[in-house]
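# Structure assessment
For reference, the chains in residue letters:
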Amino acid sequence: MAKYIVRRLITMVIMVFVISLVIFIALQSTGVDPVGQMLGVDNYTKEAAEEMREKLGLNDPIIVQFFRWWGNIFKGEYGKSIALGYTVKDGLIAKWPATLEITLYALLISTVIGLLIGMLSAFWQNSIIDYLGRGIAVLGNSMPEYFFALILIQIFSIKLGLLPSAGRIPAGGGSRLPNLILPVCALAIPLCGNLMRYTRNTMLDVANQEYVKLARSKGIPEWKVYIKHIFRNSMRPVITILLFRLTILIGGSVAVETVFAWPGVGQVLTKAITASDYWVVMFYTLFMAIMMLSISFLIDLIGALLDPRVRLGK
Amino acid sequence: MEDKKIILDVKNLNTSFKSDGQVIKIIKDVSFQLEKGRSLAIVGESGCGKSVTVHSVTRLMAKNAIINSDHVIYRSYRNSEEPKEYRIDKMSNYGKEMRSLRGPEISMVFQDPMASLNPVYRVGDQIIEGLLEHNKSMSKKEAMEKAIDMLKKLGIPAPEQRVKDYPYQLSGGMKQRIVIAIAMINDPELIIADEPTTALDVTIQAQIMELMKKLQTDYNKSIILITHNMGLVTEMADDVIVMYMGRIVEKGSLRQIFSNPSHPYTKMLLSSVPVLGLEQGQKLTTIPGSTPNPADLKEGCEFAGRCPFCTDACLKGKIPGFEIEEGHMVRCLRCAGHKEVD
Ligand SMILES: Nc1ncnc2c1ncn2[C@@H]1O[C@H](COP(=O)(O)OP(=O)(O)OP(=O)(O)O)[C@@H](O)[C@H]1O
Ligand SMILES: [Mg+2]
């Protein structure tokens, strides 16, 4: 097990490096000229641009620039927004708490509700709960997060006037809940629908296993059959999908943050992309890559812990 | 007849499956009785409905099953001469009453030992689960001791270690013994074994069956055994039921069926298999023709299409069962003239 973890960590480091190189080269070859952006139309002369390039090291071979960038990362200098001037540290990393706030709430809520309804609709197959769950799942799968965001704003902010449609209350600035509700719902609903479908279907699959029949033949009550045998054996695939959804969730937050003017990294990223701000995009992408890899590592680890075959080292 | 202790009494069992809006009749008017302390073998080609029959009796059926019967009665002779009677046909599948029978009275060993154990729990915990369920006051430690005793009885070396193993750590034969231990831990009166050894090699098959036979005779238990292996039938069974396409075509004692097989299907079945048993992987395909699709409902004898003696009369109406000797029923018009019993 320990050997396996070490091996996985080493591959992960290599993969982060390779991914970052690919993104670096890809971004460099988009042909966007950051210097042009920095100087602006008024100050732009060929000489000034050349001088600036030399100063920023943009004339060095790509590979030199790449290692310089990594060197800076290790020194804690994550780069600077070319167009807007902020440092990645202040402009991007500082925004993480706001993004994490809505994504984690959305994850928590959709997990609890998704698992619960998923389990219940497996237990009472073809009941009202099951149909309700299926409805939500179809809805959640067929519409993107921002669409939910718009609908929620339409209903709860504009029509009913119950909840604010934009902004985030900073810490200590009064009740934060009203501003949180809509963005969290917009993120949670699609995830929730997905999770309940998946939980239900996995459980129904497991329910057909021979060992479930054997469990029933022992005379134990149905709720025990479902929780101890069916749900326990469905957990591995369900957790996998759950964690994978975390990355999708953060992706989804880009759109939702924009709609709700939520001051998180998603919003920063949208602006950075439009301004071809590639140090910012680069850092964000690197961060996402590391997160995806960590999550898939976590999935394997949890999967291993849930499976005695792997846990006991074979 | 009066003093016979009938532990299981099935009368006109019919089971259908609903699928794609269609209802397919799989089990047709199956009736049989099992006497306490005897073992009954159910034989027949793959797909004839052996598993569905016993699962209908124990109510461990897929959700799309529709089970009907005149009655299915289980009698427990455990505590006195006067039996306690249970109307299984009136119970709900997973209701309290049915559950109270599962384990302490009736238990099952399923077709596939490899898939019968839950991969995520230690086998010891799986053995005691049923024990604890039916003995609320028993401690886990006590239960585990009983489980270890049971494994000892089943000839498993180092049972104290084995109970801590996960299923993947055990061989097929070992897993099958664990499954049998699970079935026997509550000391049931009736054990239903659905091809308990097909996945195992011949020597282990023999060991396990010997073990079950010993149990049956030593403790006066009753067994229903489903198998393709005629050798096993001759060793294990007191009575035999031959099924074809969801219907009992012949039933009687072991001697009656083997020395005087009277239904054309039984004759073919017996002549097509070496009595010493099937090689592993060998299939019962030597009977000419193939099993018709159960969805094609037809009048008359199900076997007519493959029967060398088929007449026009065989294609009409319901074919009754005739008693050609006491306790020996044959569902074939060639036996007409004997007493109609079914
Ligand atoms: N849940 C179900 N839905 C629909 N049809 C089913 C279902 N379960 C079993 N059947 C059908 O019932 C018939 C009898 O199946 P059964 O499992 O009883 O056969 P069997 O005699 O036990 O065969 P084998 O020797 O291969 O175990 C088969 O045609 C099978 O396809
Ligand atoms: Mg079967």
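Counting from 1, residues in each chain are numbered in the order their sequence is written. In the order they appear in the text, chains get letters beginning with A and ligands get numbers beginning with 1. At least 70 in pLDDT is required for a residue's local features to be given in this predicted model, at least 80 for side-chain atom pairs to be given and counted, and no such filter applies to totals for whole chains, interfaces and linings, which use all residues.

## Looking at the overall build of chain A
Within chain A one finds 14 helices and zero strands. A run of DSSP states H or I qualifies as a helix once it reaches four residues; a run of E qualifies as a strand once it reaches two. Both are numbered from the N-terminal end. Reading chain A from its N end, one meets helices and strands in the order α-α-α-α-α-α-α-α-α-α-α-α-α-α. Projected onto its principal axes, the C-alpha coordinates of chain A cover approximately 85 × 60 × 35 Å. Within chain A, contacts between residues separated by at least 24 positions form 74% of all contacts whose residues are at least 6 apart in sequence. Any pair of residues counts as being in contact when their C-beta atoms, constructed from backbone geometry, are within 7 Å of one another.

## A closer look at the overall build of chain B
Assigned secondary structure in chain B consists of 10 helices and 14 strands. C-alpha atoms define the radius of gyration in this analysis, and the globule rule sets the expected value at 2.2 Å times the number of residues to the power 0.38. Relative to the compact-globule value of 20 Å for 342 residues, chain B shows a C-alpha radius of gyration of 20 Å, a close match. Reported as C-alpha extents along the three principal axes, the dimensions of chain B are approximately 65 × 45 × 40 Å. The exposure scheme places C-beta atoms from the backbone and then counts, for each residue, the other C-beta atoms within 10 Å of its own, assigning buried at 20 or more, exposed at 12 or fewer, and partly exposed in between. Per-residue burial over chain B gives 46% buried out of 342 residues. Excluding contacts between residues fewer than 6 apart, the proportion of contacts in chain B whose partners are at least 24 apart in sequence is 62%.

## A short note on the interface of chain B and chain A
Often, the extent of an interface is quoted as the loss of accessible area upon association of its parts. Counting from both sides, the interface comprises 22 residues of chain B and, opposite them, 19 residues of chain A. Among the elements that line the side of chain B that touches chain A, the one with the most residues is helix H3 (residues 123-134) of chain B, at four residues. Tallied by class, the residues present in the side of chain B that touches chain A amount to 10 nonpolar, seven polar and five charged. Any residue outside Ala, Val, Leu, Ile, Met, Phe, Trp, Tyr, Cys, Pro, Asp, Glu, Lys and Arg is labelled polar, Gly included; the first ten of those are nonpolar and the last four are charged.

## Observations concerning the site of ligand 1
All names here are of chain B. Not every one of the 14 residues close to ligand 1 is listed here, only the nearest: Phe-17, Ser-46, Ser-51, Val-52 and Ala-62. Elements that contribute at least two residues to the shell around ligand 1 include exactly strand S1 (6-19) and helix H1 (50-58). The greatest single-element share of the shell around ligand 1, amounting to three residues, is contributed by H1. Its residues assigned to classes, the shell around ligand 1 comprises six nonpolar, seven polar and one charged. Nearness rests on one distance test: the residue's C-beta atom, set from the backbone, must lie within 6 Å of the molecule or strand.

## Things to note about the nonpolar core
By convention in this section, buried Ala, Val, Leu, Ile, Met, Phe, Trp, Tyr and Cys residues joined through C-beta atoms within 7 Å make up a nonpolar core. Counting residues in each nonpolar core, the largest one holds 128 residues, and the members touching the most others are Ala186(A), Leu187(A), Ala41(B), Ala147(B), Ala181(B) and Val242(B). The element best represented in this core is helix H9 (residues 177-207) of chain A, accounting for 16 residues. What Ala147(B) contacts, discounting residues up to four positions off in sequence, is Gly124(B), Ile127(B), Ile128(B), Val163(B), Ala181(B) and Ile185(B). Grouped together as the second largest cluster of nonpolar side chains are 16 residues, Tyr78(A), Ile82(A), Leu92(A) and Val265(A) included.

## So, the pairing of strand S12 (residues 322-325) of chain B
Residues and elements named next belong to chain B. In the sheet, S12 pairs with strand S13 (residues 328-330) via three bridges, with the strands oriented antiparallel. Paired with Glu-325 across the bridge in S13 is His-328. The pairing criterion is simple: DSSP has to find at least two bridges between the two strands. What sits between the antiparallel neighbours S12 and S13 is a turn of two residues, in which Gly-327 has the positive phi angle 85 degrees. With two bridges connecting them, S12 and strand S14 (residues 339-340) associate as antiparallel partners. In the strand pairing of S14, Glu-323 is matched with Lys-339.

## Remarks on the packing of helix H6 (residues 96-123) of chain A against helix H11 (residues 222-259) of chain A
All names here are of chain A. Where H6 meets H11, the axes come as close as 9 Å, and the angle between the chain directions of the two elements is 145 degrees. Crossing angle aside, the handedness with which H6 passes H11 is right-handed. The residues of H11 that touch H6, namely those facing Thr-99, Ile-102, Thr-103, Ala-106, Leu-107, Thr-111, Met-119 and Phe-123, are Tyr-226, Phe-231, Leu-242, Leu-246, Leu-249, Ile-250, Ser-253 and Glu-257. In terms of residue class, the contact of H6 with H11 is built from 11 nonpolar, four polar and one charged. The axes used here are C-alpha line fits, helices contributing only the stretch in contact, and every angle between their N-to-C directions lies in the interval 0 to 180 degrees. Working rule for handedness: look at the near helix, and if it is turned counterclockwise from the far one by less than a right angle, call the crossing left-handed; if clockwise, right-handed.

## A word on the environment of Ser142(A)
Within the secondary structure, Ser142(A) is located in helix H7 (residues 128-142). Considered as a pair, Ser142(A) and Pro190(A) are 48 residues apart in the sequence and their alpha carbons are 8.6 Å apart.

## Observations regarding the sheet that holds strand S3 (residues 39-43) of chain B
One open sheet holds the nine strands; their spatial order is S7-S8-S9-S3-S10-S11-S13-S12-S14 (chain B), and the pairing between them is mixed. At either margin of the open sheet sits one strand with a lone partner, and together these are strand S7 (106-109) and S14 of chain B.

## Section: the domain arrangement of chain A
An automatic or database domain assignment provides the domain bounds reported here. Considered domain by domain, chain A is made up of domain 1 (34-77) and domain 2 (94-311). On a C-alpha basis, the centres of domain 1 of chain A and domain 2 of chain A stand 40 Å from each other.

## Quick word on the packing of helix H12 (residues 265-274) of chain A against helix H13 (residues 278-306) of chain A
Residue and element names in this part refer to chain A. At a closest axis distance of 9 Å, the pairing of H12 and H13 adopts a crossing angle of 135 degrees. By the angle between their directions, the pair H12 and H13 is classed as oblique. Crossing handedness for the pair H12 and H13: left-handed. Residues Val-265, Val-268, Leu-269, Ala-272 and Ile-273 of H12 form the contact with H13, whose own contacting residues are Val-280, Val-281 and Tyr-284. Split into classes, the residues belonging to the contact of H12 with H13 amount to eight nonpolar, no polar and no charged. Our angle categories are set so that under 35 degrees counts as roughly parallel, over 145 as roughly antiparallel, 65 to 115 as roughly perpendicular, and the remainder as oblique.

## Digging into the confidence of the model for chain A
Should pLDDT be low for a region, the predicted coordinates there are not to be read in detail. Residue-level pLDDT values for chain A average 83, and 96% of them are 70 or greater. Averaged over each element, pLDDT in chain A is lowest for helix H2 (residues 34-43) of chain A (70) and highest for helix H10 (residues 210-217) of chain A (94). Per residue, pLDDT measures the predictor's confidence, with a range of 0 to 100.

## A few points about the domain arrangement of chain B
Residue and element names in this part refer to chain B. For chain B, the domain assignment lists domain 1 (6-105 + 188-340) and domain 2 (106-187). Computed over C-alpha atoms only, the centres of domain 1 and domain 2 are separated by 27 Å. Tallying the contact residues gives 23 residues for domain 1 and 22 residues for domain 2. When contributions to the side of domain 1 that touches domain 2 are tallied by element, the ones reaching two or more residues are H1, strand S8 (190-194) and helix H7 (202-219). At five residues, the largest contribution of residues to the side of domain 1 that touches domain 2 is made by S8. A breakdown of the residues in the side of domain 1 that touches domain 2 according to their chemical character gives 14 nonpolar, five polar and four charged.

## A word on the pairing of strand S10 (residues 239-244) of chain B
All names here are of chain B. The element S10 is largely enclosed, with a buried count of six among its six residues. Neither face of S10 is left uncovered, since the one carrying Asp-239, Ile-241 and Met-243 and the one carrying Val-240, Val-242 and Tyr-244 both have all their residues buried. Bridge analysis of S3 against S10 gives four bridges, and the strand direction is parallel. By the bridge assignment, Ala-41 is partnered in S10 with Val-240. Judged from the six bridges that link them, S10 and strand S11 (residues 247-253) form a sheet pairing that is antiparallel. Counted as the bridge partner of Tyr-244 is Arg-247 from S11. Counting the residues in the hairpin turn of S10 and S11 gives two residues, including Met-245, whose phi is positive at 50 degrees.

## Structural notes on helix H8 (residues 145-159) of chain A
Residue and element names in this part refer to chain A. Helix length check: H8 (15 residues) gives 20 Å between terminal C-alpha atoms against 21 Å at 1.5 Å per residue, within 8%. Maximum bend of H8: about 30 degrees, positioned at Ile-153. Inspection of H8 places Glu-145, Phe-148, Ala-149, Leu-152 and Ile-153 among the buried residues, and these make up the whole buried set. Backbone geometry just after H8 places Gly-161 at a positive phi near 60 degrees. In a helix, the anticipated span is given by 1.5 Å times the number of residues less one. Bend, at a single residue, is the angle you get between axes fitted to the 7 residues ending at that residue and the 7 residues starting at it.

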